[in-house]
Amino acid sequence: MEKTDKPYALFDIDDSMYDGLSLIPLMNWQVSNGIITPESLWESEFARVGYREDRGNFQHENATQTLLQLYAQALKGARYSDVQSSTNEFYKQTNGFYDFVAPTVEALSKTHDIAIVTGEPQFIAEAVKNRFSIETSFSSEYEVDEGFVTGAITSYLATRHEKREAIAPFVNSRRYEGSFAFGDSDNDTEILKAAEHAVCIKPNARLNITKKAHEIMHRDLIALGVSPYDMSVVVKPHDWTIIPADQLTSNAVLGVVQKHYDSNQQPDKSV
């Protein structure tokens, strides 16, 4: 793939763009629209409890996979066009997205190639792309056969390693300098490591630990005379910004973007 001089920006959805786990309110919406049954929602609610309790440790990825599997089974036999349509409607009308998302995406879209990176299935990624006019997404894939959801999952994007492999061609074909990534947990580590500037939205404890470890490693290599741009991806990013819950505003996030991006190509903060 030919490399462009345009930098990139990567966004996780749940707890990073959306306040919480968007899958359960989506499933409630689809129950009311007759896409899935109430029973399947109850099963997923139990899995959601595990997801919230596991957020911040390695079992978080397992809980995410369990939710994906339960949801795939809930949709088995549904017409894919109905699933996509109901998903589009939900994400178009929901007020669950953080206030910073729309102005930040709009500002960055003028100078960056933007991509969503999520463990959610493809139709959720597509709906979020549509809401914010984003062109690219990487997601888990539910199998569709002759227009119907089969209940099988053809590929997962639930673990940090799966995310790293999925985004590699995208980031490697674009400019690293000036790039951004937005995530909330250690499950997003590989997304955050792929960008020069990592923006941690209400980060969990493990992501805070990861941030500190990378800062120490980066500092020690600098002391040894290693150039930042000669370092392997294991010590990227070079800049981490923590935005806690009580400081999560549009001005705070746009301020981070404006502060770190090239002054000659800064996104417009006035949008």
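Residues numbered from 1 in each chain as written. Predicted model: local features only at pLDDT ≥ 70, side-chain atom pairs only at ≥ 80, totals over all residues. Heavy atoms only, no water.

A. Fine view of the sheet that holds strand S5 (residues 175–183). Here we have seven strands laid out as an open sheet, ordered S4-S3-S2-S1-S5-S6-S7, and mixed in their pairing. Of all the strands in the sheet, just strand S4 (148–155) and strand S7 (239–243) have a single pairing partner and so form its edges. Averaged over neighbouring strand pairs, the angle between their axes works out to 25 degrees when direction is ignored. Across four bridges, the pairing between S5 and strand S6 (residues 197–201) is parallel. Residue pairing across strands places Gly-183 opposite Cys-200, the latter belonging to S6. (Pairing = 2+ DSSP bridges. Helix = DSSP H or I, 4+ residues; strand = E, 2+ residues; numbered from the N terminus. Axes fitted to C-alpha atoms, helices over the stretch in contact; angles between N-to-C directions.)

B. Representation of the nonpolar core in the model. Counting 52 residues, the largest nonpolar core has Tyr-71, Leu-75, Ile-124 and Val-128 as the members making the most contacts within it. Every residue in contact with Val-128, bar those within four places of it in the chain, is listed here: Ile-13, Met-17, Tyr-91, Phe-97 and Ile-116. The next biggest cluster of nonpolar side chains, apart from the first, holds 18 residues, and it includes Val-117, Phe-138, Val-171 and Ala-194. (Core = buried A, V, L, I, M, F, W, Y, C linked by side-chain atoms within 4.5 Å. Buried < 20%, exposed > 50% of the residue type's maximum accessible area, 1.4 Å probe, protein only. Contact = heavy atoms within 4.5 Å.)

C. Quick look at the environment of Thr-104. Assignment of secondary structure puts Thr-104 in helix H5 (residues 101–108). Residue classification places Thr-104 among the buried positions, given a relative accessible area of 0%. A sequence separation of 153 residues divides Thr-104 from Val-257, and the C-alpha atoms of the two residues are 8.2 Å apart. Thr-104 has contacts with Phe-11, Phe-182, Val-253, Leu-254 and Val-257, leaving out every residue within four places of it along the chain.

D. Quick peek at the packing of aromatic side chains. With the rule as written, the count across this model stands at 14 aromatic pairs. Judged by centre distance (5.3 Å) and plane angle (85 degrees), the rings of Tyr-18 and Phe-97 are edge-to-face. Taken as a pair, Tyr-18 in the loop between strand S1 (7–11) and helix H1 (23–32) and Phe-97 in the loop between helix H4 (80–93) and H5 lie far apart in primary sequence, 79 residues in all. Pair check on accessibility: Tyr-18 and Phe-97 agree, each one buried. Ring centres 4.9 Å apart and planes at 85 degrees place the aromatic pair Phe-97 and Phe-132 in the edge-to-face group. One end of the pair, Phe-97, is in the loop between H4 and H5; the other, Phe-132, is in helix H6 (residues 122–132), with 35 residues separating them in the sequence. (Phe/Tyr/Trp six-rings, centres within 6.5 Å; stacked < 30°, edge-to-face > 60°.)

E. Quick look at the environment of Ile-242. Looking at the secondary structure, you find Ile-242 in strand S7. Residues Ile-242 and Pro-203, 39 residues apart in the sequence, show an inter-C-alpha distance of 7.1 Å.

The quantities given are spatial measurements derived from coordinates; they are silent on function.
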